[in-house]
Amino acid sequence: MESECALCGKSGELRNSHVIPEFLYSEMYDGKHRFRVISTLTDDPPKLHQKGLRESLLCGVCESNISGPERYLSLVMTGQIPVGNSQSGNLVEITGLDYTKFRLFGLSVLWRAHISKLPFFAAIDLGHHAAEIKRMVLDSDPGHPGRYGFFLAPLTVNREPATDVILEPTKSRLGDNRCYRFVFGGIVWVFVVASHRAPW
C-alpha cells in the first residue's frame, strides 16, 4: 500500500524507518537480540523489542539519503573514522568531524522525533520550526551552527561510556531557549530550538 513520504511528500511504499538509528541500539540487546523499553514518564510495564523503535515514515529514496550521515556517525563512534580532541576546563573540542554530515544526522533525528507517532517521542514538538528543519534535512543543508544548534555531553557510569542506555527525549529550557534532550550512544544530546541564533 502506497502512502505519502513524510519528508519528500511523494507517494510510494514507505520503509520502516528508525528515529534513532538501529546501530545505536546494538549495546542494549541481550543474548536473544531483545531489549527492554522502560518508560520514565509513565507507569507502563517494561516491553521487550527485538528491533530498534521504528515506524512507516520515509520512502526508499529519503531513507537512503539520510543513511549517509547515519553511516558516517557510526564510523566515528566506533573509531573507524579518527577524530581529534582537546580539553579546556570542562569543555572538550572535537576536531576532524565532517560538519555537514554530523549536523544533518542530528537535525534528522530531531525532525523524525517530531513527526513520530510513537509514545516514546511524544515530548518532541517543534511547532513552526518543524518546516524549516524539514527543509534543511531534505535539501542536505546543515545551516549555521548557531541555528538549531546542539551540544553534547558524555554519559558515563564509573567513568565508562553508558552506551547501553536510550532514554525518552524530554523538553527543557536553556535561558530563553526551548531545548530537547536525547540520550543515546553514551551521549546526552541537547538541541536548542529557537527563532534566533544561539550565541556560539
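An account of the accompanying structure is given in this report. (Residues numbered from 1 in each chain as written. Predicted model: local features only at pLDDT ≥ 70, side-chain atom pairs only at ≥ 80, totals over all residues. Heavy atoms only, no water.)

1. Digging into the nonpolar core
Leu7, Leu58, Leu110, Leu126, Phe182, Phe184 and Trp189 are the most contacted members of the largest nonpolar core, which totals 42 residues. Only strand S6 (54-59), helix H1 (60-77), helix H2 (99-115), helix H3 (129-138), strand S13 (177-184) and strand S14 (187-193) provide two or more residues apiece to this core. Apart from the residues within four sequence positions on either side, Phe184 is in contact with Ile20, Leu24, Phe105, Val109, Val165, Ile166 and Trp189. (Core = buried A, V, L, I, M, F, W, Y, C linked by side-chain atoms within 4.5 Å. Buried < 20%, exposed > 50% of the residue type's maximum accessible area, 1.4 Å probe, protein only. Helix = DSSP H or I, 4+ residues; strand = E, 2+ residues; numbered from the N terminus. Contact = heavy atoms within 4.5 Å.)

2. Quick word on the side chain of Ser17
Its place among the elements puts Ser17 in strand S3 (residues 14-18). With near-sequence residues (within four places) excluded, Ser17 lies in contact with Leu53, Arg54, Glu55, Leu57, Leu58 and Glu63.

3. A few points about the packing of aromatic side chains
The full count for this structure, using the stated rule, is 10 aromatic pairs. Considering the side-chain rings of Phe150 and Phe191, the 4.9 Å spacing of their centres and the 40° angle between planes classify their relative orientation as tilted. On the criterion of sequence distance, the pair formed by Phe150 in strand S9 (residues 150-154) and Phe191 in strand S14 is long-range, its members being 41 residues apart. Linked through ring pairs, Phe102, Phe105, Phe150, Phe182, Phe184, Trp189 and Phe191 together constitute an aromatic cluster. (Phe/Tyr/Trp six-rings, centres within 6.5 Å; stacked < 30°, edge-to-face > 60°.)

4. A look at the packing of H2 against H3
Between H2 and H3, the shortest axis-to-axis distance is 9 Å and the interhelical angle comes to 135°. Classified by the interaxial angle, the pair formed by H2 and H3 is oblique. Our pair here, H2 against H3, has a crossing hand that is left-handed. Residues Arg103, Leu104, Leu107, Ser108, Leu110, Trp111 and His114 of H2 pack against Ala130, Ile133, Lys134, Met136 and Val137 of H3. Its residues assigned to classes, the contact of H2 with H3 comprises 8 nonpolar, 2 polar and 2 charged. (Axes fitted to C-alpha atoms, helices over the stretch in contact; angles between N-to-C directions. Parallel < 35°, antiparallel > 145°, perpendicular 65-115°, else oblique. Left-handed = near helix turned anticlockwise from the far one by under 90°. Nonpolar A, V, L, I, M, F, W, Y, C, P; charged D, E, K, R; others polar.)

5. Points about unusual backbone geometry
Despite not being glycine, Ser140 shows a phi value in the positive range, around 55°. Secondary-structure assignment places Ser140 in the loop between H3 and S9. One non-glycine residue, Arg159, lies in the positive phi region at around 70°. When you line up the elements, Arg159 lands in the loop between strand S10 (156-157) and strand S11 (160-161). On the accessibility criterion, Arg159 (80% relative accessible area) is exposed.

6. Notes on the sheet that holds S9
Spatially, S9-S14-S13-S12 is the arrangement adopted by the 4 strands of the open sheet, whose pairing is antiparallel. Across the chains shown, the open sheet's two edge strands, defined by having one partner strand only, are S9 and strand S12 (167-174). Averaged over all adjacent pairs, the angle separating strand axes in this sheet is 25°, with direction ignored. In this sheet, S13 lies alongside S12 in antiparallel orientation, the contact comprising 6 bridges. Bridged to Leu167 within S13 is Val183. (Pairing = 2+ DSSP bridges.)

7. Regarding the environment of Glu13
In this fold, Glu13 is placed in the loop between strand S2 (11-12) and S3. Sequence separation between Glu13 and Glu2 is 11 residues; the distance between their C-alpha atoms is 4.6 Å.

8. Regarding the layout of surface pockets
Empty space left among the atoms is revealed by rolling a probe the size of a water molecule over them. If you add up the space inside the largest pocket, you get close to 1500 Å³. Taken together, 38 residues line the largest pocket, and the ones lying closest to its centre are Ile94, Leu97, Phe102, Leu152 and Ile187. Taken together, the residues of the lining of the largest pocket break down into 23 nonpolar, 12 polar and 3 charged. (1 Å grid on protein atoms, 1.4 Å probe; cavity = no way out; pocket = protein on both sides within 12 Å on 5 of 7 lines; lining within 4 Å. Points joined across faces, edges and corners; volume = space filled by probe spheres on them.)

9. Thoughts on the state of the cysteines
The tally for this structure, following the rule as stated, stands at 0 disulfides. You can see Cys59 has no disulfide; the closest cysteine sulfur is in Cys62, sitting 3.8 Å from it. (Disulfide = S-S within 2.5 Å.)

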